[in-house]
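Per-entry structural report
This is what each chain is made of:
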Amino acid sequence: FEVEEFRKYGHRMVDFIADYYRDIAEYPVRSQVQPGYLECQLPTAAPEDPESLDDVLADVQSKIIPGVTHWQSPSFFAFYPANFSTAGFLGDMLSGGLNVIGFSWISSPAATELEQIVLDWLGKLLQLPEEFLFSGGGGGVIQGTASEAVCVAMLAARKRAVAKLMAEGASETEAFGRLTGYVSDQTHVSVQKAAQIAGVAANLRVLPTNSSTNFSLSPAALRKAVAEDAANGFLPFFLCGTVGTTSSAAVDPLPELGDIALEYGMWFHVDAAFAGNACICPEVRHNLDGIEKVDSYSMNPHKWLLTNFDCSTLWLKDPRQLVAAMSTSPEYLRNKATDEKLVVDYKDWQLPLGRKFRSLKLWFTMRLYGASGLRKHIREHIRIAEHLESLVRTSDRFEMVAPRNFSLVCFRLKPLENDTDNGRTVNATLLEAINSRGACFLTHTVLDGVFTLRMAIGSSRTELQHVMEAWTIINTEADRLMKH
Ligand code: PLP
């Protein structure tokens, strides 16, 4: 490693990325390559001798970029967004540059302490109850993804529930078999994966939703399932509610679900991966009403809060329960600060040992935008989504499939009268026609059996004009389809 070479190449790389952003509109938003496209273009083994950066960057441009789907295109409306900002990038760059591994306080005190501070800052912006903050006896941690967040929350819940059953005389194996968890059919599949990892997937109850409740989990259905399980000797131990489901951004009724969780002693986790970010705006915050009844709450600033991937924040009312489930203390990691219980050691709040200095990018973003800048970003996307919703509602051939929540618009081409599969084929064909053009990228879901086009508005540089361009393309392709 040579410092001046680093300086030169670092500048080069920033120039390369800046050019990428300058030219991004020239690339098809969804990569148009076929599976295996890269294998025939690259050698089958690593080079024996060093190559030049020029050669590598030339290959990036000619071979890698064609296989990139451009999540940072302002016309990316697929899945949910993954925000980028100069602030977030700079923080990430610094983290990569320092390259410290802050698993315990002593392994890099600033990495731990800054994380605690920014999690309290963000918790305050969300108006989380004081008990979720370090200043109130709780605390937060940055995980890589919402999947890891729910996994560790479930492991903490399992530890607590298994201890309860074992105290009543059950063996550990018996206890595992008696734990039941609850999600809705709209809950992100990461909870299913967490249950598989935790060894409790066999008794994860998936409760159905439908359009009558706008795809939110019905407290009555939950109560019935929980009561039946409890009567049959199971221990309901975990409930996951969602604020902003993946398919339609539906919001589960946290206050009512929270009451049931409290009554049965279940751990209540809330996954607000995408939509939680919007709750920094006071007019959106009501979606978190009931959060005081929750044990753990997670959301992804890397989705919609201008913080580069990966940054998933998780707050807990009682982090000691998480630490009880995750902590280990081998001799080779022992140190005075830990032994004297003076510090947080984040290795005990997550699955891996090693961890990046992720709080830097969140700190840079919060400082360089300010709360007002972050709110402006969210509000603009919601405003654009409202406009798109009005276009769908006033169009005679499209219809909304679910209410617009936050900045997600779920719609479809109305099926014709003689349609035999309720619009599935025509909408799937339309979607492929739109995405093949490369000018924008949307994805789909199925809601109550209805094939639905999703337009998630939240990419960092999306403005009204990009949505209007996409709407024109959608209509042009619909015209073409209807003519055939
Ligand atoms: N939860 C919800 C509601 C999501 O929409 C998603 C992904 O879009 C996830 C969880 C999973 O996110 P991650 O990739 O951070 O695990």
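Residues numbered from 1 in each chain as written. Predicted model: local features only at pLDDT ≥ 70, side-chain atom pairs only at ≥ 80, totals over all residues.

Under an unreviewed UniProt entry, the chain has the name Tyrosine decarboxylase and belongs to Marchantia polymorpha subsp. ruderalis. Comment text from UniProt for the chain, heading Sequence similarities (unreviewed entry), reads "Belongs to the group II decarboxylase family." The Cofactor (unreviewed entry) field of the UniProt record for the chain holds the comment "pyridoxal 5'-phosphate". (UniProt positions renumbered as here; feature names shortened; annotations may be inferred.)

What follows concerns the domain arrangement of the chain. As far as domains go, the chain holds domain 1 (3-70) and domain 2 (93-366). A separation of 37 Å is found between the C-alpha centroids of domain 1 and domain 2. (Domains from an automatic or database assignment.)

Sequence positions flagged by UniProt for "modified residue: N6-(pyridoxal phosphate)lysine" (unreviewed entry) are, in local numbering, Lys303. Judged by the 25 C-beta atoms lying within 10 Å of it, Lys303 is buried. Among residues more than four places away in sequence, those in contact with Lys303 are Tyr80, Pro81, Ala82, Asn83, Ala273, Phe274 and Asn277. (Buried ≥ 20, exposed ≤ 12 C-beta atoms within 10 Å, placed from the backbone. Contact = placed C-beta atoms within 7 Å.)

The immediate surroundings of the ligand are formed by 16 residues, with Thr145, Ser147, His188, Thr246 and Ala273 found nearest. Broken down by class, the residue content of the shell around the ligand amounts to five nonpolar, 10 polar and one charged. (Near = placed C-beta within 6 Å. Nonpolar A, V, L, I, M, F, W, Y, C, P; charged D, E, K, R; others polar.)

The next subject is helix α5 (residues 146-167). Here α5 contains 22 residues, and its C-alpha end-to-end distance of 32 Å stays within 8% of the 32 Å for a straight helix at 1.5 Å per residue. Of the residues trailing α5, Gly169 is marked for its positive phi of about 110 degrees. (Helix = DSSP H or I, 4+ residues; strand = E, 2+ residues; numbered from the N terminus. Expected span 1.5 Å × (residues − 1).)

Here we have four strands laid out as an open sheet, ordered β8-β9-β11-β10, and antiparallel in their pairing. The open sheet is flanked by β8 (398-400) and β10 (443-447), the only strands paired with a single partner. Averaged over all pairs of adjacent strands, the angle between their axes in this sheet comes to 40 degrees, without regard to strand direction. Strand direction decides the pairing type here: β8 and strand β9 (residues 408-413), joined by three bridges, are antiparallel. Within β9, the position partnered with Phe398 by the bridge is Leu413. Against the sheet, helix α13 (residues 359-394) contacts β8, β9 and β11 (450-456), and its axis sits at roughly 20 degrees relative to β9. (Pairing = 2+ DSSP bridges. Axes fitted to C-alpha atoms, helices over the stretch in contact; angles between N-to-C directions.)

Before going further, it helps to spend a moment on the confidence of the model for the chain. With 100% of its residues at a pLDDT of 70 or more, the chain has an overall mean of 97. Listed scores for the predicted complex are pTM 0.96 and ipTM 0.98. (pLDDT = per-residue confidence, 0-100.)

The subject of this paragraph is the pairing of strand β4 (residues 235-242). Among the eight residues of β4, eight are classified as buried, and the element is accordingly described as predominantly covered. Sheet topology note: the β4/strand β5 (residues 267-271) ladder contains five bridges and is parallel. Across the sheet, the residue bridging to Phe238 is Trp267, located in β5. Regarding the hand of the β-α-β motif, the stretch spanning β4, helix α9 (residues 254-264) and β5 is right-handed. (Right-handed = clockwise from strand over helix to strand, strands pointing away.)

Let's shift gears to the packing of helix α8 (residues 219-231) against α9. For the pair α8 and α9, the least separation of the axes is 9 Å and the interaxial angle reads 15 degrees. The angle between α8 and α9 places the two elements in the roughly parallel class. Note on packing geometry: the crossing formed by α8 with α9 is right-handed. Counting all contacts with α8, which are made through Pro219, Leu222, Arg223, Val226 and Ala230, the residues of α9 involved are Glu256, Leu257, Ile260 and Tyr264. Taken together, the residues of the contact of α8 with α9 break down into seven nonpolar, no polar and two charged. (Parallel < 35°, antiparallel > 145°, perpendicular 65-115°, else oblique. Left-handed = near helix turned anticlockwise from the far one by under 90°.)

In space, the seven strands of this open sheet follow the order β1-β7-β6-β5-β4-β2-β3, with mixed pairing throughout. The open sheet terminates on both sides in strands that have one partner only, identified here as β1 (139-143) and β3 (204-207). With strand direction ignored, the average angle separating the axes of adjacent strands in the sheet is 20 degrees. Taken strand by strand, helix α4 (residues 109-125) contacts β1 and β7 (312-316), and its axis lies near 105 degrees from that of β1.

The next subject is helix α11 (residues 319-326). Those residues of α11 not exposed but buried are Pro319, Leu322 and Ala325. Buried residues of α11 fall within an arc of 120 degrees about the axis and therefore sit on the same side. Each element contacted by the buried residues of α11 is listed here: β1, α5 and β7. (Arc of directions from axis to C-beta.)

Once that is clear, we can look at unusual backbone geometry. For the bond from Phe309 to Asp310, the omega torsion is 5 degrees, close enough to zero to count as cis. Summarising the element assignment, Asp310 is placed in the loop between α10 (301-304) and β7. One non-glycine residue, Gln127, lies in positive phi territory at about 55 degrees. Structurally, Gln127 is set in the loop between α4 and β1.

Here we come to the packing of helix α14 (residues 424-437) against helix α15 (residues 464-483). Between α14 and α15, whose axes approach to 9 Å, the crossing angle comes to 125 degrees. Between α14 and α15, the crossing angle belongs to the class labelled oblique. As for how α14 packs across α15, the hand of that crossing is right-handed. Along its contact with α14, which presents Val426, Thr429, Leu430, Ala433, Ile434 and Arg437, the element α15 presents Ile473, Ile474, Glu477, Ala478 and Leu481. Class assignment for the residues of the contact of α14 with α15 results in eight nonpolar, one polar and two charged.

Next up on the list: the environment of Glu130. Of note, Glu130 is situated in the loop between α4 and β1. On the basis of neighbour counts, which here come to 14 C-beta atoms within 10 Å, the residue Glu130 falls in the partly exposed class. Considering only alpha carbons, one finds Glu130 and Arg160, 30 residues apart in sequence, at a separation of 23 Å. In contact with Glu130, not counting residues within four places along its chain, are Ser135 and Gly136.

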